[in-house]
Structures are given as structure tokens and as C-alpha cells.
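Structural characterization, general
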Amino acid sequence: MNRFRSAMQVQDFSRRNTEIDGVRGMLFAALADYSNPHLLEETCAAGQLRRLECAWAIEQVIVATYQVQNEVSAVSDRLSHLQDKICEDAITVINRCESHDELDFLFPEIIRIKNHDLAVLNSWQNHVDWMRSLPSSELKLLNSADFNSSDPHYSTINLAEPPEPPS
């Protein structure tokens, strides 16, 4: 994460992309370690879930690397794959439980993953897919918008009453 954060600070566009590509390569190597099936086989269900959660977090950072490089097709594809993977992995972990006590212990965490983590990923996916559906003219407008503007006239959400129309 520190290397990714530093890469984002590089001013030269080409060097920044090269550094982000390097970060992504490092993340893919870490993902392979955390997803190693031989290591997962030797781990109890709770340990397996923790290891998989780390893998999912790494995958999210990989998605973020694609997003900052404006590779929306890759972002959409990876998010879709990640959501499917989380569901498959959760079933695998549940099937690995050797007792009702172990299942009772893991159940709240699995429900949190379903209700929170997957919901966030689904929202991210919907946002990316919406961005992909916009015509290039609207994307340009969206990219040029200053959402940090303090001018209430240009605010994205203006809760004040609209001004009276001139007579």
C-alpha cells in the first residue's frame, strides 16, 4: 500500500503508470501466496476465512490500480470475478466447518461479508458499469466537474431553497 501511495504521487504520467504496474505485479505475487491451495488445505475454517479475507483485500487493491489507470473494463471484470470468488470461497469455508460450534463462530463473519463487503463491491461495480455506459461527452463533463467547489450554485447537492426567479 505504501508503494501504491507513493506511485500515485509521481508527477510524470508514464513513470506513474510504470510504478503502478510494478505495484500490481507485487500484489499479484502476494495474492498467489494468500490463495495458495496447499496452504489453505492445511488451515482450519476460521484460519482459511482470515487468509481468504486478506486475498480479497489484495484483490481490491489490484482493482484500484486498474481504476486509477482508467481501465474501466478491467475494473468491471475484476470486481465481477471478486464477488463470485467471495461467494464461492464462503461456501468452501462453510463446508470446511467440522462442528456446529465452528459454524456458529464463523456465521456472524460470513453474514457481515455478505451484507457489507459484497454490498460495497456491488455498489462499486454498479458505479463502474454506469461510468462505462456514459457517452464520452458526459464523461468529459463529469471529469471536468469540481465537486469540491464551495460555490453553492455549482454544488452537486444544494439543500437550500432555490433562489427566486428574476421578475
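In what follows, the structure referred to is the one given above.
Below is a short write-up of the structure. (Residues numbered from 1 in each chain as written. Predicted model: local features only at pLDDT ≥ 70, side-chain atom pairs only at ≥ 80, totals over all residues. Heavy atoms only, no water.)

Here we come to the overall build of the chain. Tallying secondary structure elements over the chain gives seven helices and zero strands in all. Across the chain, helices and strands are ordered from the amino to the carboxyl terminus as α-α-α-α-α-α-α. Considering only intrachain contacts with a sequence separation of at least 6, the fraction spanning at least 24 residues in the chain is 66%. Of the roughly 11400 Å² of accessible surface on the chain, a fraction of 55% belongs to carbon and sulfur atoms. (Helix = DSSP H or I, 4+ residues; strand = E, 2+ residues; numbered from the N terminus. Contact = heavy atoms within 4.5 Å. Areas by Shrake-Rupley, 256 points an atom, 1.4 Å probe, with all protein chains shown as cover.)

Within this model, the largest pocket holds a volume of roughly 260 Å³. For the lining of the largest pocket, the element with the most residues is helix α6 (residues 100-133), which contributes four residues. Tallied by class, residues from the lining of the largest pocket come to five nonpolar, four polar and one charged. (1 Å grid on protein atoms, 1.4 Å probe; cavity = no way out; pocket = protein on both sides within 12 Å on 5 of 7 lines; lining within 4 Å. Points joined across faces, edges and corners; volume = space filled by probe spheres on them. Nonpolar A, V, L, I, M, F, W, Y, C, P; charged D, E, K, R; others polar.)

This brings us to the pattern of salt bridges. It is possible for side chains of opposite charge to pair when their charged atoms get near one another. In this structure the tally under the stated criterion is 10 salt bridges. Shared partners join several salt bridges into a network, and the residues in it are R50, E53, E109, R112 and D117. (Salt bridge = Lys/Arg side-chain N within 4 Å of Asp/Glu carboxyl O.)

Attention now goes to the packing of aromatic side chains. Tallied over the full model, the rule gives zero aromatic pairs. Of note, R24 hangs over the ring of Y66, and the distance from its end group to the ring centre comes to 4.0 Å. (Phe/Tyr/Trp six-rings, centres within 6.5 Å; stacked < 30°, edge-to-face > 60°. Lys NZ or Arg CZ within 6 Å of the ring centre and 35° of its normal.)

On to helix α2 (residues 13-34), then. End to end, α2 covers 31 Å across 22 residues, agreeing with the expected 32 Å (1.5 Å per residue, within 8%). Every buried residue belonging to α2 is among N17, I20, V23, R24, L27 and L31, and all of these are buried. Burial along α2 is one-sided: seen end-on, the buried residues are contained in an arc of 120°. Facing away from the buried surface of α2 by more than 90 degrees, the exposed residues are R15, T18 and D33. (Expected span 1.5 Å × (residues − 1). Buried < 20%, exposed > 50% of the residue type's maximum accessible area, 1.4 Å probe, protein only. Arc of directions from axis to C-beta.)

Counting 29 residues, the largest nonpolar core has L49, W56, I86 and L106 as the members making the most contacts within it. Mapped by element, the contributors of at least two residues to this core are α1 (2-9), α2, α4 (45-68), α5 (72-96) and α6. (Core = buried A, V, L, I, M, F, W, Y, C linked by side-chain atoms within 4.5 Å.)

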